Amino acid sequence: MRLASDGRAIWPAAPGGPLAFPSVDGPLSVRVVYPQPGQVIGARDSTFILGSLGTGRASLTINGASVSVNPNGSFLAWLPFPPGPKPAYELVATRLPVDAGQSGGAGAQAGAQSGGGTAGTAATARMTLTVSRPAVPAPLPESGPLVVDRSTLVPAAGSRLRGDEPVQVGVRAPSNAKVTLRLADGSTRALSARGEAFRVDLPARLLARTARMVVSRNGESATISVPTVEVVDPDAPKFVVLKGSNAEVKGDTDAVTIVRPTPGGTYKWFLFPGTVLETTATRGAWTRVRLDDALEAWVETKDTEPSARTAPVRRVAVNGRVTPGAARWSDVRIPVGERPAFAVQESARALRLTLHGVISNIDIINFATNDPVIRDVTWAQVASDRVEINVHLRTDLYGYLALWDAGTFVLRVRRAPEVDPARPLAGRVIAVDAGHPPIGSTGPTGLYEGDAVLAVAEALRPMLEREGATVVMTRTAPGPVALGARPVAARRADADAFVSIHLNAHPDGVNPYRTNGSGTYYFHAHSADLARDVQRGLVKWMGLRDLGVNYDNLAVVRQTWVPAILCEGAFVILPDQEAALRTPEFQSRYAIGILEGLEDWFRSLAPVRAGR
Ligand SMILES: [Zn+2]
């Protein structure tokens, strides 16, 4: 490792620079990393195939198309999905005569990635790789005995909705059939067909009693019972208790229940386990809960349990207190009586805490004379059962935690550390998260993302320590670490920043040559500048295309206490980027990009505090 004059580990001396392939001339064999045999590929027309031949001195065709082979034997092809009822890729690799291949370096790493596969001295190696498209059900017969696909019957059993809410009743039947619904009151409804999909939308109350669906064709018919829908009785509300979604931290203050705007939708609310909410619907595996009179949302039914409650409680917010904590935080404490649904929205110097299902009767909020974090708290009753509490800060928001303390809602607000602009990392605690396993991507010559990012994390650690930081590694060995445990480790260490290190890949059907490079992800606004500074460092040091900074609802960057980002420094499926990622030099360039970004960001915190 080369050291700069100030003692910092710098490798290489200059940032950026082109990526170079090593020459590899091992035994010829065809190895495909992706797709795997029999893989279901969700692409419309073209998709990518990546792997290696063990030698750069070879040519390759896939289904007759010539594919370029890199000096290290890797290839990444972008080809049409194979035609026909049994789609397959035929790969034919041919060893080139010695004088036709790359000169120089060949043999130096011979056999480094060999082992298994076709015999090394062979002049030709082949592979047939069968793949498939997502299964489409075979058409139902239009003649002969009547066949109805009863597995497609909707609504699902166990649905519960308000009487006026629409319910889709439907089934898959032969396109030349007729489908009629006979309701319990004796009336009938015809189902309209689009191809084999028959459906009709009805208010839920019409399905409160058993209805029958009659499928008929040419005098033959089949009758199917439609599952009844339980209609919500407004005079007998039902309630559920939230149980928590993240099993690995049950019983801890990090435990939350994830609540979403739609069934299966994005994670939007993170509520305290133990919160009791009215349930207003069940659809499949999803339960709808009432956050307040004007807002409903969805939670996975498995994250709830029935409550014995039969009537709503009145939650009332009363006189509160702002108390400085032992270290870099202050608590806004608002007694509410019982856990409410809530949301926290942030802006640069304020936090807005929305308490749902709550009436505020706050007269007094007491502050310590010299609270270092919080300047003022105001509140507004914005709806009959919704309160907004606005917490105005003395400095830019650094992080926060929502906590429940025996009847009191606690918003713990964190302020920035004291930063020495000459040594911005001195005294900082940095959580370094080497992404994966489980899962993760693999490059054409078999470089696994989890291994490559661990090498980057291990390069970054001494760089940070040399600058005076304490490093918390969420993973130090090849084995798996649960996703949910990683931010918890950072919060427990009271880290000043969390950096997750990943490598990117594409989904099926995306041309990998068109979009690749470095990108950085954040979720909370208080982490956006950190993401920008680190992204600038990555682009400068890694020398790849700048794919920008993204707001993205990713598990490890959702944490609120520690500013958190996730880096996708390079694409491991791109042959040149994969080859570079195998070298300590490029691993260090990734690490230095992060190091510089962290330094820039912490340095930017210093003048704000000095000017206060
Ligand atoms: Zn990853």
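Treat the numbers as computed from the prediction; the structure is a model and nothing was measured.

Caption draft 1: The pairing of strand β34 (residues 399–405), seen in detail. Most of β34 is tucked away, with six of its seven residues classed as buried. As paired strands, β34 and strand β35 (residues 408–414) are joined by seven bridges and run antiparallel to one another. Following the sheet pairing, Ala402 is matched in β35 by Leu411.

Caption draft 2: Examining the side chain of Asp149 more closely. By the element assignment, Asp149 lies in strand β8 (residues 149–154). What makes Asp149 buried here is its relative accessible area of 18%. Polar contacts involving the side chain of Asp149 include one to the side chain of Ser151, which spans 2.6 Å. The residues touching Asp149, leaving out its near neighbours within four places in the chain, are Leu140, Val171 and Arg172.

Caption draft 3: Broad picture of the coordination of the zinc ion. Protein-derived ligands of the zinc ion are His436 (NE2), Glu449 (OE) and His502 (ND1), with the metal-ligand distances lying across 2.1 to 2.2 Å. Along the chain, the residues that donate to the zinc ion are spaced as H-x12-E-x52-H. One end of the pair, His436, is in the loop between β36 (429–434) and α1 (449–466); the other, His502, is in strand β38 (residues 497–504), and 66 residues separate them in sequence.

Caption draft 4: Local environment of the sheet that holds strand β10 (residues 166–172). Read across the sheet, four strands follow the order β8-β10-β14-β13 without closing on themselves; strand pairing throughout is antiparallel. Looking at strand neighbours, the two that pair on one side only are β8 and β13 (192–194), the edges of this open sheet. When strand polarity is set aside, the average angle formed by the axes of neighbouring strands in this sheet is 25°. When β13 meets strand β14 (residues 197–203), the two strands line up antiparallel, connected through three bridges. For Ser192, the partnering residue across the bridge sits in β14 and is Arg199.

Caption draft 5: How the structure looks around the side chain of Thr287. If you trace the backbone, Thr287 turns up in strand β22 (residues 286–292). According to the relative accessible area criterion, Thr287 is buried, its value standing at 4%. A polar contact of 2.8 Å, which involves the side chain of Thr287, links it to the side chain of Thr301. Among residues more than four places away in sequence, those in contact with Thr287 are Thr279, Ala281, Thr282, Ala297, Trp298, Val299 and Thr301.

Caption draft 6: Molecular detail of the confidence of the model for the chain. With 92% of its residues at a pLDDT of 70 or more, the chain shows a mean pLDDT of 92. Taken together, the stretch residues 101–120 has pLDDT below 50 and engages in 36 contacts with residues farther than four places along the chain or on a different chain.

Caption draft 7: Looking closely at the pattern of salt bridges. What the rule picks out here adds up to 36 salt bridges. For the salt bridge of Glu296 with Arg290, the shortest nitrogen-to-oxygen distance reads 4.0 Å. Between Asp496 and Arg428 there is a salt bridge, with its nearest N and O atoms 3.3 Å apart. Residue Asp496 is located in the loop between α2 (485–492) and β38, and its partner Arg428 is located in the loop between β35 and β36; the two are separated by 68 residues in the primary sequence. On the accessibility criterion, Asp496 (2% relative accessible area) is buried.

Caption draft 8: The environment of Ala485, seen in detail. Within the secondary structure, Ala485 is located in helix α2. C-alpha separation for the pair Ala485 and His356, spaced 129 residues apart in sequence, amounts to 29 Å.

Caption draft 9: Representation of the nonpolar core in the model. Leu464, Ile501, Ile594, Leu598 and Phe602 are the most contacted members of the largest nonpolar core, which has 58 residues in total. Leave out the neighbours within four places in its chain, and Ile501 touches Val432, Asp433, Ala434, Gly435, Val453, Val456, Ala457, Leu460, Cys567, Tyr590 and Ile594. Counting 39 residues, the second-largest nonpolar core is a separate cluster that includes Val259, Ile334, Ile365 and Ile374.

Caption draft 10: The sheet that holds strand β2 (residues 46–52), seen in detail. One open sheet holds the three strands; their spatial order is β1-β2-β5, and the pairing between them is antiparallel. Lying at the two open borders of the sheet, with one neighbouring strand each, are β1 (31–34) and β5 (74–80). Within this sheet the neighbouring strands show an average axis-to-axis angle of 35°, counted without direction. Where β2 and β5 come together, seven bridges link them in antiparallel fashion. Looking at the pairing, Ser52 lines up with Ser74 of β5.

Analysis parameters
- Going along each chain's sequence as written, the residues are numbered from 1 onward.
- Selection of residues for local features in this predicted model requires a pLDDT of at least 70, selection of side-chain atom pairs for listing and counting requires 80 or more, and totals for whole chains, interfaces and linings are taken over all residues.
- Note: side-chain values were computed over all heavy atoms of the structure, leaving out hydrogens and water.
- Burial status follows relative accessibility: with a 1.4 Å probe on protein chains alone, a residue under 20% of its type maximum counts as buried, one over 50% as exposed, and anything between as partly exposed.
- Secondary structure is summarised from DSSP: a helix means a run of H or I of at least four residues, a strand means a run of E of at least two, and numbering begins at the N terminus for each.
- Only when DSSP finds a minimum of two bridges between them are two strands counted as paired.
- Distance and chemistry together define a polar contact, namely a pair of N or O atoms within 3.5 Å, with one atom able to donate a hydrogen and the other to accept it when in protein, and with adjacent residues in sequence counting only for side-chain atoms on both sides.
- We call two residues in contact when some of their heavy atoms are within 4.5 Å.
- Coordinating donors are taken as N, O and S atoms within 2.8 Å of the metal, stretched to 3.2 Å for Na, K and Ca; because water is absent from the atoms, sites can appear incomplete.
- Note on geometry: axes are lines fitted to C-alpha atoms, helical ones only across the stretch in contact, with angles between N-to-C directions running from 0 to 180 degrees.
- Summary of the metric used: pLDDT quantifies the predictor's per-residue confidence within the range 0 to 100.
- Any Lys or Arg side-chain nitrogen found within 4 Å of a carboxyl oxygen on Asp or Glu counts as a salt bridge.
- In these notes, a set of buried Ala, Val, Leu, Ile, Met, Phe, Trp, Tyr and Cys residues joined through side-chain atoms within 4.5 Å is what counts as a nonpolar core.

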